[in-house]
Amino acid sequence: MTRLLSAMQTDVRVQIRNNLYAIGIGVGVLIAVMLSQFLDSASLGGSVPNLMLLVLGGSTLLYVAGMIIFEKDEGTLNAIIVSPLTAGEYLWSKIITLTTLATIEAAVMVGGAIAILTFSETVTLPNIPVLLLGIVAMGVMYTLIGIVLVVRYDTITDFLVPVLVIALILQLPYVYFGDISSFWVFLVIPTAAPTMLISGGFSPLATWEWLYALSYTGIILAGLSVWAYRAFHTHIIMKVG
């Protein structure tokens, strides 16, 4: 636990030094202003889930890629591997700190938009625990996906082409939640489950939607956790050791 906390403190310092918090909060403020200018409070429930899917997911993928590739370039990753810090602790540090960053970014987006809208209309607050659960689940999911992908590459340019393809696929649930199509196949895409939870923060979910969102999110996160650990072991630890 002490090693994990130390790793998290280091990760947060690196994220602050590389302006990830400034970027995330800045993007959050910009989007909050845009939402408040183009939407009313009744429209937030239909827009925020897709916004989290499109914006939050993409930024989280880039954050995790930037951090791990930076550590590769600096030789920090090699030093970490031969240190007492375990691979699991290293990965959990990335998951916790980057999900926290994503949650702050999302809170600024949604909270900022709601705060601005209160000056012009009466705003009904979302179900914050459900909304937060969905945002955290999406942050963890995208962080794990980012780890699975980025450990295979040594430069950000090599990473960008495949990640753009994957990101487009992961963002396809936008078609379902944007009411473009109700075809069930879009719910098979892993990111649809946390998006459903985020949607539940603004409007009640049916029983089947709760069962789907919670169970599918749990299954996907469990599977991605195993995959991320094995990918890190194969592409990082085995190459160093």
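Everything below is about the structure printed above this text.
Each value, and the rule that gives it
Residues numbered from 1 in each chain as written. Predicted model: local features only at pLDDT ≥ 70, side-chain atom pairs only at ≥ 80, totals over all residues. Heavy atoms only, no water. Phe/Tyr/Trp six-rings, centres within 6.5 Å; stacked < 30°, edge-to-face > 60°. Helix = DSSP H or I, 4+ residues; strand = E, 2+ residues; numbered from the N terminus. Buried < 20%, exposed > 50% of the residue type's maximum accessible area, 1.4 Å probe, protein only. Core = buried A, V, L, I, M, F, W, Y, C linked by side-chain atoms within 4.5 Å. Salt bridge = Lys/Arg side-chain N within 4 Å of Asp/Glu carboxyl O. Axes fitted to C-alpha atoms, helices over the stretch in contact; angles between N-to-C directions. Left-handed = near helix turned anticlockwise from the far one by under 90°. Contact = heavy atoms within 4.5 Å. Nonpolar A, V, L, I, M, F, W, Y, C, P; charged D, E, K, R; others polar. Parallel < 35°, antiparallel > 145°, perpendicular 65-115°, else oblique.

Draft legend 1. Structural context of the packing of aromatic side chains. This model, assessed by the stated rule, comprises five aromatic pairs. With a centroid separation of 5.0 Å and 25° between ring planes, the pair formed by Y90 and F232 is classed as stacked. Here Y90, found in helix 5 (residues 87-117), pairs with F232, found in helix 10 (residues 207-240); they are 142 residues apart in sequence, far enough to count as distant. Here Y90 matches F232 in class, with each residue buried.

Draft legend 2. Molecular detail of the nonpolar core. Formed by 62 residues in total, the largest nonpolar core has its most connected members in M52, Y90, I147 and F232. Listed by contribution, the elements that provide at least two residues to this core are helix 1 (2-17), helix 2 (20-38), helix 3 (41-74), helix 4 (76-81), helix 5, helix 6 (128-150), helix 7 (156-170) and helix 10. One finds F186, A193, M196 and Y212 within the second-largest nonpolar core, a separate group that totals 13 residues.

Draft legend 3. Structural detail: the pattern of salt bridges. The final tally for this structure, using the stated rule, is four salt bridges. Ionic pairing is found between E89 and R3, a salt bridge with its closest N-O pair at 2.9 Å. You can see E89 sitting in helix 5 and its partner R3 sitting in helix 1, a full 86 residues away along the chain. When the shortest N-O distance is used, the salt bridge between K94 and E71 registers 3.2 Å. Separated by 23 residues along the polypeptide, K94 in helix 5 and E71 in helix 3 bring together distant segments of the chain. Of the two residues examined, K94 and E71, each falls in the buried class. Where salt bridges share partners, they join D11, E71 and K94 into one cluster.

Draft legend 4. Summary view of the packing of helix 3 against helix 9 (residues 192-200). Two elements in contact, helix 3 and helix 9, have axes whose closest approach is 8 Å; the angle formed by their N-to-C orientations is 145°. Regarding helix 3 and helix 9, the two cross each other, and that crossing is right-handed. For the pair helix 3 and helix 9, contact is made by V48, P49, M52 and L53 and by T195, I198 and S199, respectively. Classifying every residue of the contact of helix 3 with helix 9 gives five nonpolar, two polar and no charged.

Draft legend 5. The arrangement of the environment of M141 in detail. Mapped onto the secondary structure, M141 falls in helix 6. Exposure remark for M141: the relative accessible area of 0% places this residue in the buried category. Separated by 35 residues in sequence, M141 and Y176 place their C-alpha atoms 19 Å apart. Contacts of M141, omitting those with residues within four sequence positions, involve P190, T191, P194, I220, L221 and L224.

Draft legend 6. Fine view of the packing of helix 1 against helix 5. Two numbers describe how helix 1 lies on helix 5: the axes approach to 9 Å, and their chain directions differ by 50°. The pairing of helix 1 with helix 5 is recorded here as oblique in orientation. With respect to the hand of their crossing, helix 1 and helix 5 are arranged in right-handed fashion. Across from R3, L4, A7, M8, D11, V12 and Q15 in helix 1, the residues of helix 5 making contact are E89, W92, S93, K94, I96, T97 and L98. Residue classes in the contact of helix 1 with helix 5 are distributed as seven nonpolar, three polar and four charged.

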